[in-house]
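Residues per chain are reported as follows:
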Amino acid sequence: MSFLTFLRRYRLPSLLFALCLSTALLTGEVPLLEAANAVEVPATPLTTQSVRKTVLENGLTVLTKEVPTAPVVTVQVWYRLGSRDEARGVNGIAHQLEHLMFKGTQDRPIQFGRLFNALGSQSNAFTSYDQTAYFGTVERDKLRSLLALEADRMQGALMTADALKSENRVVISELQGYENSPSYRLSRAVMKAAMPTSPYGLPVGGTKADVEKFTIEQIRSYYQNYYSPNNATLLIVGDFQTEPTLKAVEDLFGKVPNRGRAAQAATDTPMAQAQIPQRASEAQKANSPNNAPQNPVKSPIVLREPGSAFLMQAVYPLPAAKHADVPAINVLDSVLTQGRSSRFYQTLVEGGLASDFSGYAATMISDGWYHLSATAAPEQTLTKLSQAVESVLADIRSKGVTPEELQRAKTQLRSYILLRNRDVTSQAFQLGDDQTTTGDYQRTDRLLAAIETVSAADIQRVAKAYFTPEKLTLGYFEPSTFDKTAGGTASPGQTTGQTVEQFNAGPPVAPSLVAKYLPAIAKAPNQPAQALPEKVVLPNGLRVLLLRDPSTPTVSLSAHVLAGQEFDRAEKSGLAKLTADNLTNGTTTKDALTLAKTLDDRGISFEISANRESVLMNGSALIEHLPILIQTMADVTQNASFPEQELELSRQRAITALKVQMDNPQYVARQVFQQTIYPENHPFHSFPTEASLSAIARQDLVDFHKAHYRPDTTIIALVGDFDPAAVKTLLQNELGNWKAEAKAPMLVLPTVAQPTQVVRRYQGIPGKTQSVTLLGNAGIDRKDPRFYNALVMNQILGGDTLSSRLGGEIRDRQGLTYGIYSYFQAGNRQGPFLVSMQTAPEDADKAIASTLKLLEQVRTQGIETAELTTAQRSLTSSYPVDLANPESLTNTILMNEVYGLNVAELRQYPNQIERVTQAQVDRAANELLHPDRIVVVTAGPPK
């Protein structure tokens, strides 16, 4: 998957991205910060304490870190090879090679995704500018098995012409999917203009023109040259014993030979033969304030293409990774972008100029850049937006930042690192990125120590050095087909009873092959029973679940309020979400900025979102800030004041966001699908429109809040290093006086009937290159007695793209899609069963027909016993990995209570899965899959 997809999957925002990277050496009369790499690591490192570095004779760097807080371990292999090392004409070859690394080895000629799935490993890979990484997290008894698979594909990966042909189509589907996004297209144009002679100016995944020309000889050459031990870092983090594990590493990896030019990897020079005029030292000189040429201000790049929103992107060049200004640049980035109190948020969003924005500092091995993007608010111009950005930067260049801003930014950076390193997978990500980017696995600890020395003068200096109009590359996206209306019922388009073509699904991969090639699994030691939360009910009916977890000095909060979009009336659809969005816009005691500073000053994360069934609140903080987190949640939940001015700004943001969504094939397909499945009098049929959002008045929010935000329909889950007795007292003090009036609103939903035939819908969207297709029908709710049977059945059918029946047929064998998966959206309400896939428009009918054939195959022929065993092992083995992440654990505890399950479900879930029989899975497939009575919706280019 792409690096951006990887970031989204692990919720690593731009700040962590910036911390793992950096900037260029200044020469001049101003005093310089000491380079972060030269800063001494603190006596007690914040993140790298207990890390051990070992280098094998073949040059493989091994980083191990024992974290015995949960019975899981992550294994990651990072290669110092990315798009930076590609010559023009082969842009995207590192990414193509990453895909082929899953196609099997000489000793194991089988899709590796099936082997990872059989281990219950949460595995994937990404390609970035500087690295390609492969990662998996498993139960600790499967550590050696995972190591064996990674060692095998480091030296014996199969690279066949047939595999390239199939996977080439998959990669092009992935790239064309990105092309659906106007933001992606604008970013590509801006980066190319900002870095015309650097490989960093090329898209990481490559271009269709280059990718479709790759030969198997080119792929093999890159593999032989760069996938070598002395160009790789192996990371093992989790619950294991170092000495026997290092012996296993030596046995498995020690004999892997070095190959090709990989020995060059220790340098900062790209390994490909691309011409890059400026190397690190030259870039340092060029970015010196005294040597920087006074280039004239460049005109904006303007893209006028089909779209729905006006976008702005700005790029400022920054220097390479090992640079003294890295700490100051990261602090400046935090001042500019982190939290509601940040400079850009206050000026752009609160100022009504932008509906959203993001920014990050990307400092790589050879070059760097600062990237800012924003979506213009309704009736605002991109010129005015870019002028406001320059005004913010000019103010910092001339006046600097305040002591309050400086301290807040430092606190945010430190808190962020602690909060985002609470699970073993994230800890290994940090070590891998630091080691491969800078050659120093302690980079983040040195950086945090250096950040503490940053002064306001340092921030002002780097603002003057790097963030000037002369160095800016600016890009505008102006929609050529701009529709001022948004939402509503999408056009049903084509409707037919059956697909036009019929394609036969190939036979399922024999489970015996998985068993044949799966490495031996060590005998599992006795696992301690999963700790269960304590349930507390306050006198006002509010339910609380508490689980003490002393593994880190942090706390996670998840809360559920029965105030979701199902309570919206069609004429004011969007009311529930608009109410949730405005909770933090002010209370009877604090205005929006005061609330924001209360959280931002302490590095507390607190987010509120509305979905179909509920409003969710999620927060995380250092444990000493738990009282502030609880007090803030209590304040906005009970005392939200809904200021008129803030409501208008949030309404405009909602309308802009809706326009963007209506340009997204995934969103459009889902809307058409739900409006086909659910009758008009069902709340799941309703979607917001510009008209419905405009019709909502402040009093509507006040009334909705009064009716639906109640203690007796609220559930809170807390996991962290706290004293349960003290937390109970805190909750009683802050929420005990919250009272509800009358009875809680209830809904009686109409029956959802299944279609009587295959129903086809097509929705055309201008400017799209890929189609998104959803296939499905009404499904089940969480309390359906068939839930666990359906879960196991779905795991076999489409639970994982690389190991499922759907993935094996539609993606691997036919190469028709980048990703295909299926799921039951089973909540308190009857949700749908869905199959989702992205294809080239010309491949959609073939992929749909093949999918329907495969659904019929599973429904009528059932599954094999070995498939059942593999699916059960995958689900039960990945479950402890999920629970090892505090945020995932907190959410699981919360949702078990929301669905009315016993507290012991947290412990009993694996047993529920293991009790499922083959007959029950076959029956679930027969009862729940209806390929002859299914809704098929495709959204893509107009026909």
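Note that the coordinates shown come from a computational prediction; the quantities given were computed from them, not determined experimentally.

Peer 1: Mind showing me how you'd approach the overall build of the chain here?
Peer 2: The secondary structure content of the chain amounts to 34 helices and 22 strands. For the chain, the share of sequence-separated contacts (at least 6 apart) that also reach a separation of at least 24 residues comes to 84%.

Peer 1: Got a minute to help me understand the sheet that holds strand E1 (residues 51-55) in this structure?
Peer 2: What holds strands together in a sheet is hydrogen bonding between their backbones, with the strands either parallel or antiparallel. Pairing is mixed in the open sheet, where 6 strands are placed in the order E1-E2-E6-E3-E5-E4. The sheet is open, and its two borders are formed by E1 and strand E4 (122-127), each paired with just one other strand. Here the strands of the sheet are splayed against their neighbours by 15° on average, with no regard to which way each runs. With 7 bridges connecting them, strand E3 (residues 72-79) and strand E6 (residues 232-238) associate as antiparallel partners. Across the sheet, Thr-74 pairs through a bridge with Val-237, a residue of E6. Of the strands in this sheet, E4 and strand E5 (132-139) touch helix H3 (residues 93-100), which is tilted by about 160° from E4. The sheet contacts of helix H10 (residues 242-253) involve E1, strand E2 (61-66) and E6, and relative to E2 the element is tilted by about 155°.

Peer 1: Help me understand the sheet that holds strand E15 (residues 605-610), please; the structure alone is not making it clear to me.
Peer 2: The strand order across the open sheet formed by 6 strands is E12-E13-E17-E14-E16-E15, and the pairing between neighbours is mixed. Two strands lie at the open edges of the sheet, namely strand E12 (534-537) and E15, each paired on one side alone. In this sheet, adjacent strand axes meet at a mean angle of 15° when their direction is disregarded. Two strands pair when backbone bridges link them, and strand E14 (residues 554-561) and strand E16 (residues 615-622) are joined in this way by 8 bridges, in the antiparallel orientation. Bridging from a neighbouring strand, Leu-557 pairs with Gly-619 of E16.

Peer 1: Sorry, what's going on with the pattern of salt bridges here?
Peer 2: Opposite charge on two side chains allows them to pair when their charged atoms are near. One pass over the full model with this rule turns up 51 salt bridges. Close ionic contact of Lys-572 with Asp-700 constitutes a salt bridge, the shortest N to O distance being 2.7 Å. In this pair, Lys-572 is assigned in the loop between E14 and helix H20 (575-581) and Asp-700 in helix H26 (residues 698-708), connecting sequence segments 128 residues apart. Arg-710 is the salt-bridge partner of Asp-712, the closest N and O atoms lying 2.9 Å from each other. By relative accessible area, Asp-712 is classed as partly exposed at 31%.

Peer 1: I tried to follow the layout of surface pockets on my own but got confused; where do I start?
Peer 2: A water-sized probe rolled over the atoms picks out the places where empty space is left. Its volume calculated, the largest pocket comes out at about 990 Å³. Pro-71, Pro-528, Ala-529, Gln-530 and Pro-880 are the residues nearest the centre of the largest pocket, which is lined by 38 residues in total. Looking at the lining of the largest pocket, the elements that each hand over two or more residues are strand E13 (543-548), helix H31 (865-883), helix H32 (886-898) and helix H33 (905-914). A total of 7 residues in the lining of the largest pocket trace back to one element, the largest contributor, which is H31. Looking at the lining of the largest pocket residue by residue, the class counts come to 18 nonpolar, 9 polar and 11 charged.

Peer 1: Would you explain the packing of H3 against helix H9 (residues 216-226) in this entry?
Peer 2: In a packed pair of helices, the relevant descriptors are the angle between the two axes and the axis-to-axis distance. In contact at an axis separation of 10 Å, H3 and H9 are set at 85° when each is read in the N-to-C sense. Our classification of the angle between H3 and H9 gives roughly perpendicular. In contact with Ile-93, Gln-96, Leu-97 and Leu-100 of H3, H9 contributes Gln-218, Ile-219, Tyr-222 and Tyr-223. In terms of residue class, the contact of H3 with H9 is made up of 6 nonpolar, 2 polar and no charged.

Peer 1: Even after reading the chapter, I still don't get the nonpolar core, so can you show me in this structure?
Peer 2: Side chains of a nonpolar character, in soluble globular proteins, are inclined to be buried together. One finds Met-159, Ile-219, Leu-234 and Phe-253 to be the most contacted residues of the largest nonpolar core, which totals 59 residues. Those residues within four positions of Phe-253 in sequence are excluded, and the remaining contacts are Leu-56, Asn-58, Leu-60, Leu-147, Glu-150, Ala-151, Met-154 and Leu-234. Core analysis: the second largest hydrophobic core is formed by 55 residues, Tyr-788, Ile-848, Leu-854 and Ile-913 among them.

Peer 1: When you look at helix H6 (residues 161-179) in this model, what are you seeing that I'm missing?
Peer 2: Residues three or four positions apart in an α-helix share a direction because the helix packs 3.6 residues into each turn. Over its 19 residues, H6 runs 27 Å from end to end, which matches the ideal 27 Å to within 8%, given 1.5 Å per residue. Burial runs high along H6: 15 of the 19 residues are buried.

Peer 1: Teacher, can you tell me more about helix H28 (residues 787-797) here?
Peer 2: Of all 11 residues in H28, 10 are buried, a share of seventy percent or more. If you check which residues of H28 are buried, you get Phe-787, Tyr-788, Asn-789, Ala-790, Val-792, Met-793, Asn-794, Gln-795, Ile-796 and Leu-797.

Peer 1: Even after reading the chapter, I still don't get the packing of aromatic side chains, so can you show me in this structure?
Peer 2: The relative placement of two aromatic rings is captured by the distance of their centres and the angle of their planes. By the definition in use, this model includes 27 aromatic pairs. With a centroid separation of 6.3 Å and an interplanar angle of 50°, the aromatic rings of Phe-126 and Phe-135 are classed as tilted. This pair shows no difference in class: Phe-126 is buried, exactly as Phe-135 is. Look at Tyr-200 and Trp-369: their rings are 5.8 Å apart centre to centre, the planes differ by 50°, and that puts the pair in the tilted class. One end of the pair, Tyr-200, is in the loop between helix H7 (182-194) and helix H8 (208-211); the other, Trp-369, is in strand E10 (residues 368-376), with 169 residues separating them in the sequence. An identical accessibility class is assigned to Tyr-200 and Trp-369; each is buried. Put simply, the rings of Tyr-79, Phe-102, Phe-112, Phe-116, Tyr-134, Tyr-223 and Tyr-227 touch in pairs and so form one group of aromatic residues. When the ring centre of Phe-687 is taken as origin, the NZ or CZ atom of Arg-612, which lies over that ring, is 4.5 Å away. One cation-aromatic arrangement involves Lys-943 over Tyr-762; the distance from NZ or CZ to the ring centre is 4.3 Å.

Calculation criteria
- Sequence order sets the numbering: in each chain, residues are counted from 1 along the sequence as written.
- Owing to the predicted nature of the model, reporting of local features is limited to residues with pLDDT of at least 70; listing and counting of side-chain atom pairs is limited to 80 or more, with chain, interface and lining totals taken over all residues.
- Working from all heavy atoms in the structure, the side-chain values ignore hydrogens and water.
- Numbering goes from the N terminus for both helices and strands, where a helix is a DSSP run of H or I of at least four residues and a strand is a run of E of at least two.
- In this analysis, two residues are considered to be in contact whenever any of their non-hydrogen atoms come within 4.5 Å of each other.
- For two strands to be treated as a pair, DSSP must find at least two bridges joining them.
- Between the N-to-C directions of two axes lies an angle of 0 to 180 degrees, each axis being a line fitted to C-alpha atoms and, for a helix, fitted only over the stretch in contact.
- Salt bridge criterion: a side-chain nitrogen from Lys or Arg within 4 Å of a carboxyl oxygen from Asp or Glu.
- Type-normalised accessible area, obtained with a 1.4 Å probe on protein chains alone, sets the label of each residue: buried when under 20%, exposed when over 50%, and partly exposed for intermediate values.
- Points on a 1 Å grid, built from protein atoms alone, make a cavity when a 1.4 Å probe fits but cannot get out and make a pocket when they are open with protein on both sides within 12 Å along at least 5 of 7 lines; residues with an atom within 4 Å of a point are the lining residues.
- Grid points are joined across faces, edges and corners, and a volume is the space filled by probe spheres set on the points.
- Throughout this entry, Asp, Glu, Lys and Arg are counted as charged residues, while Ala, Val, Leu, Ile, Met, Phe, Trp, Tyr, Cys and Pro are counted as nonpolar. The remaining residues, Gly among them, count as polar.
- Angular relationships are summarised with four words: roughly parallel below 35 degrees, roughly antiparallel beyond 145, roughly perpendicular across 65 to 115, and oblique for the angles in between.
- Here the nonpolar core consists of buried residues drawn from Ala, Val, Leu, Ile, Met, Phe, Trp, Tyr and Cys, with membership extended through side-chain atoms lying within 4.5 Å.
- A helix is expected to reach a length of 1.5 Å times the quantity of its residues less one.
- A pair of aromatic rings is counted whenever rings of Phe, Tyr or Trp (Trp by its six-membered ring) have centres within 6.5 Å, and the orientation is called stacked for planes under 30 degrees apart, edge-to-face for over 60 and tilted otherwise.
- The rule for a charge over a ring is simple: NZ of Lys or CZ of Arg within 6 Å of the ring centre, and within 35 degrees of the ring normal.

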